[in-house]
Every structure is written in C-alpha cells, then in structure tokens.
Amino acid sequence: MKKESVPNNSFYNSNFKNKKILIIVPHQDDELFLCGTILDSLRKVTSNIYVAFVTNGDYGNDFNQRYIECLSAMKIFQISSKNVICLGYGDQYETKYGHIYHAPMEEIVMSKRGKKQTYGKDYIYSKYKIHHDYTLTNLYNDLEMMIRELWPDVIFCNDMDWHPDHRAVSLIFDRIIGRILNSNYEYHPDIYKGFVYGFGWDGVDDYNILNLRSTVKPKRSRCNDKRFELNNPYYKWEERVRFPVSDELLSKRKNKLWKAIGKYRFSQNAKRFYNSMMNSDAVFWKRHTKNLAIQAHINVSSGNSDNLQDFVIMDSSDILKSVDMPCDRGIWYPDMSDEEIFIKYYFESPVNPNKIILYRDVKSYGLTSIYGVLKYKGKGNVEYAFEIGKYDIKYEIDMFDAKDISFIELNFQKSYQAFGFSEIEILENLKLPVYVKGMYTGNYIYHYYCEKSCEKMIIEYCCYPNDDIKIEIIEDDKSGSYIIGNTIIMTDCFKKIMLKLTSSFNNEVYDVITIERRNKNV
C-alpha cells in the first residue's frame with residue numbers, strides 16, 4: 001500500500017478542508033494567474049472547486065479554442081469540466097458607452113466579437129435553454145444566480161487590474177456580494193481578492209531555480225498616482241494575506257502549473273509569464289463579509305446611505321481610463337449644507353464589535369483631515385473622539401471593550417472641503433487564516449539550499465494568530481549541528497536538517513522546512 005504523504009504545512013487543512021471553493025475571473029487563463037500556485041494545494045484538501053469565467057475570452061480569439069485550453073488546464077488539477085462555468089459574456093465591447101459596465105442597465109450592447117447574446121457553453125443556457133442579451137442587468141443576475149446556486153464557502157476573485165473587463169468583474173462581483181449579504185445575514189463566505197496582471201502579465205520576472213523568492217510588491221500598473229501603493233487605493237501591502245504554495249513548484253519542469261499554463265499555448269502563449277508567477281507565496285487581500293453594519297438599521301443626516309452598506313469600497317465612472325482611473329462613484333457624501341453630520345446604526349440584537357473601518361473618499365484624500373466622535377451604547381455609554389488624517393485613506397477604530405452594543409453613532413465635524421465614505425465596516429470576530437510559515441530573509445521557504453560557506457541561519461516566521469512558535473529538529477544528518485532558539489548552528493560537515501515550526505496555541509498548526517547545504521555556493 002502506498003504511504004500517504006504528510007503535508008509540509010497545515011495551512012490548507014486548517015482553513016480549506018472540505019470547503020466549497022469558487023474562483024471567478026474574466027478570461028480563460030486568468031484563473032492560473034490568480035490561483036495557479038495554490039490550486040494543487042487546494043485540490044488536495046477539497047474536491048469542491050469551481051472555476052467561473054465571466055467572458056468567453058473571444059476578442060482576438062476563438063471561444064472554442066480557449067474553452068478547450070481551459071478544460072485541459074483544469075484537468076491537470078483534477079477539476080472536472082462539470083465544475084468549469086462560462087457565463088458567456090463578451091470580451092470587451094463595441095458600444096458608445098465604452099463597456100457594458102457603463103451602459104444603461106437594460107440596454108443591449110455588442111461585444112468586440114460582434115455578439116449581442118451569451119453563447120458557447122453559457123451558464124444561463126445550461127439552466128433554462130435560453131441565451132441572455134448582453135445587458136448589464138443580465139450580467140449581474142447571471143453571476144448572482146450562479147453564486148446563489150453554489151453557495152461557496154470561499155471565493156477568489158480578481159481585483160482592479162488595468163484591463164476594463166477585469167475592473168468590471170471586480171466591481172460587479174463586489175456589488176453582487178453586497179446584495180447577497182443584505183438579503184442573507186447568515187451567509188459569510190471567505191473572500192480573497194488578488195491581482196492577475198500585477199503578479200502575472202506585468203509581474204516581476206524573479207524566478208530562482210533553487211530558492212523561490214516571495215512575491216514582491218507589484219508596480220502600480222498604468223497608475224501614476226504615487227499616493228497609493230496598489231491599483232486598489234484601499235489595499236496596503238502590509239495587510240496582504242500570504243498563502244504558502246505547493247513545494248512541487250520547486251521543480252520547474254515537473255509541476256502541474258508548468259503543465260497547465262502550457263495548455264494556453266495557442267490563444268495566449270501564456271508560458272512566457274511563468275517566471276513572473278513563480279513565487280514562494282501567493283498574495284491576496286481578504287474582504288470581510290461579517291459586517292454588522294450591513295444588517296443594522298442605518299440613519300444618516302443627509303446623502304445616500306445605500307453606498308455605506310453595499311460591500312463596494314471603490315467604484316468608477318470610467319473603467320476604460322487606463323491611467324489614473326477615477327474612484328468617484330458609490331460614495332456617501334453628506335450635503336454641504338449639513339450642519340450636523342452623522343451616521344447612526346441600530347441593532348435589533350446586541351452585538352460585540354471589535355473594530356470599525358472607515359473607507360474615505362479618494363477625492364478628499366490629501367486635502368483635509370476628518371474629525372469625528374464615536375458614540376456607542378451597551379452596558380454603558382461610551383464617547384470617543386478621533387481624527388482621520390488627510391493622508392489616511394482607510395481608518396480603523398479598535399473597540400476591544402465593546403460588549404452588548406445596541407447603538408453606534410458617528411458624528412463628523414463640518415468641513416470646507418467635501419468629504420465622504422465609500423463603505424463603513426463594523427466587524428465582529430475578525431478572522432484570518434490560521435497558519436505558521438517559516439521564512440528566511442523575508443521569503444517563504446520549503447526546501448532551502450544554503451551556501452557551502454554558511455555557518456548559521458536565523459529562521460524567521462510569520463503566523464496567525466500572533467503567538468510564540470516552537471522550533472524542533474525532526475530529522476538531521478547526525479553532523480552535530482544544532483539549533484538555539486531560531487538559529488541553526490552548522491558544523492563543517494553539515495548537509496541537511498528538517499525543522500518543524502509549531503504554534504504554541506495549537507500544535508495542529510505547523511510548518512515543516514528543510515535546510516540543505518550545497519556542495520558549491522548558491
């Protein structure tokens with residue numbers, strides 16, 4: 001009987017075992033740029049993986065070709081063709097509005113391919129034997145219907161890449177999730193957003209055949225606004241969630257990603273971007289869905305309060321503007337005549353929030369500070385003054401002492417400069433993936449090759465929750481090498497050592513790494 005291999009890291013077993021996972025992207029091949037380095041690890045802990053393509057990828061390409069390629073790529077990861085979903089919409093549009101995203105909700109538009117209806121393997125036809133006109137209403141409804149049919153536990157979706165289809169999918173997805181959360185308070189999927197172009201097409205070619213490097217911060221692709229780190233102004237690099245990848249990736253020519261990306265040979269020649277994809281971590285940003293503000297009754301002094309409860313943190317009036325796309329829609333602005341600006345939340349049942357996050361409008365960023373007072377009522381009345389600095393695009397308020405809260409009020413001082421918020425989150429039980437991961441010089445490591453002259457190595461780690469880590473030797477070469485704290489002391493005859501890093505709060509959260517000395521310098 002073949003011995004079952006033990007995972008070298010508990011990350012996927014701890015967070016994704018037997019979960020239903022949905023990956024949503026615009027075009028065939030985007031799924032590999034978004035999740036290719038983690039697909040094999042996900043597939044080892046769950047068979048419920050679905051991949052949904054919003055468009056047919058038919059601008060400059062034949063849909064049938066791209067469909068065959070994507071099925072071939074997914075087969076390598078043992079993802080059945082039954083789990084591959086195509087909504088059948090156009091890859092870019094030939095319309096006076098520039099894109100279906102900017103068209104009136106019910107107006108039919110034509111794709112660059114000359115199509116006006118879904119076709120191919122379109123989802124709506126598989127359900128009802130009809131094709132849908134290319135309208136924004138139909139696009140919203142089809143994507144929402146598909147999500148509601150699957151009710152996934154985890155969703156991965158692309159974020160604000162520079163391609164208009166990518167921007168449209170990200171924005172439409174966020175709005176749909178807002179609609180679902182507003183209608184079903186019990187549904188709280190884990191949502192991870194990431195960049196396809198920033199880590200793939202426009203990514204850094206930093207592949208190292210011996211020791212993979214971790215993902216470096218991408219350039220602000222086609223974005224000249226130096227005020228922000230990334231194409232989504234509300235994302236901070238330090239807040240990224242770093243997924244470990246399969247150690248199979250260490251062997252370039254033998255791993256599944258190399259084989260899968262090669263299947264997009266004719267439509268995209270996607271292998272040319274492989275070196276940009278090959279990193280020792282996969283980077284995402286988590287969007288929290290357990291937002292108490294969504295299920296609260298809200299009252300505002302003026303303005304449209306719907307923009308504060310729709311899950312959308314940014315929107316744009318021109319997703320086709322490739323450089324410096326405006327972030328100017330979906331924002332709650334109080335009236336300039338409003339003398340007592342407030343937002344009030346009422347909860348039907350007492351809640352225990354531990355954090356409030358305010359997403360300010362981009363237009364007022366850098367121009368004015370926002371002064372406010374937080375009031376909430378639980379077992380006692382609390383009042384807290386705060387200042388959102390003019391260079392704070394996102395502001396967090398910790399509420400560690402908040403228990404049994406029935407009412408939250410935010411009051412703001414009137415300003416000569418208009419200001420507003422695109423979203424406000426009131427979060428309870430903030431949850432991130434539980435893990436521990438060994439690192440060296442900031443890079444995630446698996447089987448690490450050190451130089452022949454190396455005499456010691458300081459093993460770093462990152463973990464969640466933040467806690468002490470126990471490091472132990474589980475296999476060595478009997479060379480007399482040893483470890484003090486998190487430092488490996490190597491003798492002259494050192495060859496290889498295997499270490500296990502275990503969380504002190506839960507011994508089922510662990511990471512296993514191997515350090516090996518090369519006969520010649522790396």
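Conventions and cut-offs
Residues numbered from 1 in each chain as written. Predicted model: local features only at pLDDT ≥ 70, side-chain atom pairs only at ≥ 80, totals over all residues. Heavy atoms only, no water. Bend = angle between axes of the 7 residues up to and from the residue. Helix = DSSP H or I, 4+ residues; strand = E, 2+ residues; numbered from the N terminus. Buried < 20%, exposed > 50% of the residue type's maximum accessible area, 1.4 Å probe, protein only. Disulfide = S-S within 2.5 Å. Axes fitted to C-alpha atoms, helices over the stretch in contact; angles between N-to-C directions. Parallel < 35°, antiparallel > 145°, perpendicular 65-115°, else oblique. Left-handed = near helix turned anticlockwise from the far one by under 90°. Contact = heavy atoms within 4.5 Å. Nonpolar A, V, L, I, M, F, W, Y, C, P; charged D, E, K, R; others polar. Polar contact = N/O pair within 3.5 Å; in protein donor to acceptor, adjacent residues only side chain to side chain. Pairing = 2+ DSSP bridges. Phe/Tyr/Trp six-rings, centres within 6.5 Å; stacked < 30°, edge-to-face > 60°. Lys NZ or Arg CZ within 6 Å of the ring centre and 35° of its normal. Salt bridge = Lys/Arg side-chain N within 4 Å of Asp/Glu carboxyl O. Core = buried A, V, L, I, M, F, W, Y, C linked by side-chain atoms within 4.5 Å.

Caption draft 1: Up close: helix 2 (residues 30-43). In helix 2, a bend of some 70 degrees at glycine 36 exceeds every other bend along the element. Most of helix 2 sits inside the fold, with 14 of its 14 residues counted as buried.

Caption draft 2: Inspection of unusual backbone geometry at higher detail. In the segment running from tyrosine 464 into proline 465, the intervening peptide bond is cis, with an omega of -5 degrees. By the element assignment, proline 465 lies in the loop between strand 22 (460-464) and strand 23 (469-476). For glutamine 92, which is not a glycine, the phi torsion comes out positive at approximately 70 degrees. Here glutamine 92 is to be found in the loop between strand 3 (84-89) and strand 4 (93-94). Despite not being glycine, aspartate 324 shows a phi value in the positive range, around 55 degrees. Within the element layout of this structure, aspartate 324 appears in the loop between strand 10 (297-300) and strand 11 (341-351).

Caption draft 3: Expanded view of the state of the cysteines. Inspection of the entire model under this criterion finds 0 disulfides. Here cysteine 35 stays unpaired: no disulfide links it, and the sulfur of cysteine 157, its closest cysteine neighbor, is 9.7 Å away.

Caption draft 4: Molecular detail of the packing of helix 5 (residues 136-150) against helix 6 (residues 164-183). The interhelical angle for the contact between helix 5 and helix 6, taken along N-to-C directions, is 60 degrees, at an axis separation of 10 Å. For the element pair helix 5 / helix 6, the angle class is oblique. Every pair of crossing elements has a handedness; the one defined by helix 5 and helix 6 is right-handed. Listed contacts from helix 6 to Leu136, Leu139, Tyr140, Asn141, Leu143, Glu144, Ile147 and Arg148 of helix 5 are Ile172, Phe173, Arg175, Ile176, Arg179, Ile180 and Ser183. Its residues assigned to classes, the contact of helix 5 with helix 6 comprises 9 nonpolar, 2 polar and 4 charged.

Caption draft 5: Summary view of the side chain of histidine 27. Within the secondary structure, histidine 27 sits in the loop between strand 1 (21-25) and helix 2. A polar contact is formed between the side chain of histidine 27 and the side chain of histidine 166, at a distance of 3.4 Å.

Caption draft 6: The arrangement of the sheet that holds strand 14 (residues 381-388) in detail. Strand order in the open sheet formed by 5 strands is 10-11-16-13-14, and the pairing between neighbours is antiparallel. Each edge of the open sheet carries a strand with a single partner, namely strand 10 and strand 14. Pairs of neighbouring strands in the sheet enclose a mean axial angle of 15 degrees, with direction left out of account. Looking at chain direction, strand 11 and strand 16 (residues 405-412) are connected through 7 bridges and run antiparallel. Bridge pairing links lysine 344 to glutamate 409 in strand 16.

Caption draft 7: Structural detail: the packing of aromatic side chains. One pass over the structure, following the stated rule, counts 39 aromatic pairs. Here phenylalanine 33 and phenylalanine 273 contribute two aromatic rings whose centre-to-centre distance is 6.0 Å and whose plane-to-plane angle is 70 degrees, an arrangement assigned as edge-to-face. Note that phenylalanine 33 is positioned in helix 2 and phenylalanine 273 in the loop between helix 8 (256-261) and helix 9 (274-277), a separation of 240 residues in sequence. Lying across the ring of tyrosine 119, lysine 115 places its NZ or CZ 4.6 Å from the centre. Over the face of the ring belonging to tyrosine 446 we find lysine 437, whose NZ or CZ atom lies 4.3 Å from the ring centre.

Caption draft 8: The arrangement of the sheet that holds strand 27 (residues 510-517) in detail. Strand order in the open sheet formed by 4 strands is 20-27-26-23, with mixed pairing between adjacent strands. At either margin of the open sheet sits one strand with a lone partner, and together these are strand 20 (447-450) and strand 23. Neighbouring strand axes in the sheet, compared pairwise and without regard to direction, differ in orientation by 25 degrees on average. In the sheet, strand 26 (residues 496-503) pairs with strand 27 via 7 bridges, with the strands oriented antiparallel. The partner of lysine 496 across the bridge, within strand 27, is glutamate 516.

Caption draft 9: Representation of the environment of tyrosine 93. Locating tyrosine 93 in the fold gives a position in strand 4. Sequence separation of tyrosine 93 and aspartate 165 is 72 residues, and the distance between their C-alpha atoms is 9.3 Å. If we skip the residues at most four places from it in the chain, tyrosine 93 touches Gly98, His99, Ile100, Val109, Met110, Ser111, Lys112 and Tyr134. Here the side chain of tyrosine 93 touches glycine 90 through a polar contact of 3.0 Å, landing on its backbone nitrogen.

Caption draft 10: Molecular detail of the pattern of salt bridges. Applying the stated criterion across every chain, the model contains 24 salt bridges. Where aspartate 190 meets lysine 431, a salt bridge forms, and the shortest distance between an N and an O atom there is 3.9 Å. With aspartate 190 in strand 7 (residues 190-194) and lysine 431 in the loop between strand 17 (421-427) and strand 18 (435-440), this pair connects stretches of sequence that are 241 residues apart. Aspartate 315 is the partner of arginine 329 in a salt bridge, and the nearest nitrogen-oxygen pair spans 3.5 Å. With a gap of 14 residues between them, arginine 329 in the loop between strand 10 and strand 11 and aspartate 315 in the loop between strand 10 and strand 11 connect regions that are remote in the sequence. Residue classification places arginine 329 among the partly exposed residues on the basis of a relative accessible area of 33%. By relative accessible area, aspartate 315 is classed as buried at 3%. Overlapping salt bridges, with partners in common, bring together Asp159, Asp174, Lys193, Arg287 and Glu425 in one network.

Caption draft 11: The nonpolar core, seen in detail. Membership of the largest hydrophobic core comes to 115 residues, with the highest contact counts inside it found for Phe16, Ile24, Leu32, Phe156 and Phe243. For this core, the element with the highest residue contribution is helix 6, accounting for 9 residues. Once residues lying within four places of it in the same chain are set aside, the contact partners of phenylalanine 16 are Phe11, Ile21, Leu42, Val45, Thr46, Val154, Phe156, Tyr192 and Phe243. Of all hydrophobic cores here, the second largest spans 30 residues; its members include Trp332, Ile408, Leu410 and Phe412.

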